[in-house]
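# Observations on chain architecture
Next come the chains, spelled out residue by residue.
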Amino acid sequence: MKLEVRIHGRGGQGVVTAAELLSMAAFDQGLHAEALPSFGSERTGAPVMASCRISDHAIRSHDPVSHPDILVVQDLTLLRDSAVLAGLPEDGIVVVNTNRDLADLVKGGLEPGPAQRWVTVPANDLSRELLGRPLPNTALVGAVAGITDLLGPEAVASAIRRRFAGAGQGIADANVRLAEEARHLVMSQARGSEAHA
Amino acid sequence: MLRQLEGSRAVAETVARCRPHVVAAYPISPQTHIVEALSELVASGELAPCEYLMVESEFGALSACIGASAAGARAYTATASQGLLFMAEALPNASGLGLPMVMTVANRALGAPINIWNDHSDALSQRDAGWLMLFASSNQEAVDLHVQAFALAERLSLPVMVCMDGFVLTHAVEEIDVPAQDQVDSFLPPFAPRQWLDPDEPVTIGSMVGPEAYTEVKYLMAHRQLRALDAVSETAADFAEAFGRDSGGLVRRYRTDDAEVVVVALGSVLGSLADVVDELREEGVSVGALGVTCYRPWPVDEVRRALRGVPRVIVVNRAVAVGSGSILGQDVRLSAPRWTTIHDVVLGLGGRPVTRDVLKRLVLDVVARRLGSEVLTFYDLDRDLAATELARELADASPPSGEGR
């Protein structure tokens, strides 16, 4: 296994599509990947989870990701449920959709593990800017690409274009820009924290 | 050519390439994406000529397929769970009448209680309906089995059910090689019905058979089903030659040769099992897996051969015969050599994920003799929750009239 990603969000936030996009980007780069959605009661706002497993070997199992290398939380309120973090290793990475920064979250009661890396991405704000509404998934896909070496920006862009091909004027382009912006944001965040260390 | 796409989509495209004349569609989670994708292919003209029937229920869907097949058309439908039950009356009619057709069952639990997630209780509840039943262990195999299913159905003049785990396979997006139209055309000849309703040469399909001949008819049906075992193997071999892929067949062994423990299962859990087998083998545990691909007819000889010399067998049951015990487990018991210890285990009902962690723990429990073999074990049961509820239920057992309350 090279990379296992688990995405948590609410119905209507594009969780399933996010996992698909990651898997398509990986496939475009010659890797093996699967996206597995996990539905609760299907309604807008209900918790949704999706897994994406990427590997350089053919993938045989279809069970959901139990030990995520990267956890994506598309809705901050989901962190109230500790099960969302289940299986996260000590050095796991969590990407959270929020316009607050980590220090602020900690003040609010978040207890990140000492070796964990928490990345905050204002995905709702970014998508409001570029798409006109808060749809955080493609931004968070870009953020994941900014964290892992496995997925290059071209592969993410081509996956987005393919997925949103029939979506109408400029939608695919806007989403590609959104993913790119989030990716840069995360990478500069990482560089910034390295500089401080 | 490998493409990254959703399992349902791949199945729909494959079914379209099998050139069905009639698709009878009624939606139900988790197969709806299949019939929706087929409707797009018919609407765009990519699948033509094809009559796409929006029927009023699953019973309508299967009845339409029966009528279509009787009229000489290649027919297809898809369903799951309560939908399969809704067409239950028509299932033995399709097989009893000897009408070829293919149906995808996107395996889903039965209600009540309502549960839309994956287990095998739907298909297994209809195991005696006289249909051939093939279980896919992966999306690639699901795609391949549909091509084989049409060939088998028409060769045997019997209906074939292709089972694939709902959501787990149907909604997974992964790399799948969808056979090209020319490849399918070479493999699957045009439908040449053995019998069909023709106004110019009238026949009756489906007569009444009284006590004087019913037994003979059923005996011949049973015989034909058993002959199907050979046809299933041959079709898989033909498929391997034509497409270069090992898909279908009766059973699939994985590292069972010198195994001390073999896990028997149906469906997608076999993928996880392969990973677990490899991991445990690295740790020195002599374990293997046996996938049953052709569930009906039951390949008794192949299962017996695969389990010969294996001291311990674990059967993973993703359905329970309420009031009786296991289903797959009982089939395995019938086939296993007499000295085999069989651990019958229930796992993954109603969509509870069968993870590699739980499978690994299961094998290790058996190897360490921590799991009994005399009873059916609900292995992933929340024992505390069940115990609490049971205590309440048993204490609550007052007469319905409310005497003494």
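Note that the structure is predicted; figures quoted are calculated from it, not measured. (Residues numbered from 1 in each chain as written. Chains lettered and ligands numbered in written order. Predicted model: local features only at pLDDT ≥ 70, side-chain atom pairs only at ≥ 80, totals over all residues. Heavy atoms only, no water.)

### A few points about the confidence of the model for chain A
- Mean pLDDT over chain A: 93, with 97% of residues reaching 70 or higher.
- The lowest-confidence element of chain A is helix α6 (residues 171-196) of chain A, averaging 89 in pLDDT; the highest-confidence one is strand β4 (residues 70-73) of chain A, averaging 98. (pLDDT = per-residue confidence, 0-100. Helix = DSSP H or I, 4+ residues; strand = E, 2+ residues; numbered from the N terminus.)

### Details of the sheet that holds strand β9 (residues 251-254) of chain B
Residues and elements named next belong to chain B.
- Overall, mixed pairing links the six strands, which are arranged β9-β11-β10-β13-β14-β15 in an open sheet. Edge strands, defined here as strands with exactly one partner in the open sheet, are β9 and β15 (377-378).
- Of the pairings in the sheet, the one linking strand β10 (residues 261-265) to strand β13 (residues 312-317) comprises four bridges and is parallel in character. Paired with Val263 across the strands is Ile314, a residue of β13. (Pairing = 2+ DSSP bridges.)

### A short note on unusual backbone geometry
Residues and elements named next belong to chain B.
- With omega at 0°, the peptide bond leading from Ser29 into Pro30 counts as cis.
- Along the chain, the position of Pro30 falls in the loop between β2 (22-25) and α2 (32-43).
- In this structure, the amide linkage connecting Ala48 to the following residue, Pro49, adopts the cis form with an omega of 0°.
- Looking at where Pro49 falls in the secondary structure, it is placed in the loop between α2 and β3 (51-54).
- The phi dihedral of Arg19 falls on the positive side, at around 55°, and the residue is not glycine.
- At Arg369, a position not held by glycine, the phi torsion is positive, near 60°.
- Judged by its relative accessible area of 55%, Arg369 falls in the exposed class. (Buried < 20%, exposed > 50% of the residue type's maximum accessible area, 1.4 Å probe, protein only.)

### Side note on the sheet that holds β3(B)
Residues and elements named next belong to chain B.
- The strand order β3-β2-β4-β5-β7-β6-β12 describes an open sheet built from seven strands, whose pairing is mixed. Of all strands in the sheet, those with a lone pairing partner are β3 and β12 (294-296), marking the two edges. Going across the sheet, the axis of each strand differs from the next one's by a mean of 20°, ignoring polarity.
- Judged from the two bridges that link them, strand β6 (residues 132-135) and β12 form a sheet pairing that is antiparallel. Following the sheet pairing, Leu134 is matched in β12 by Cys294.
- Docked against the sheet, α2 engages β2, β3, β4 (75-79) and β5 (101-107), running at close to 135° with respect to β3. (Axes fitted to C-alpha atoms, helices over the stretch in contact; angles between N-to-C directions. Contact = heavy atoms within 4.5 Å.)

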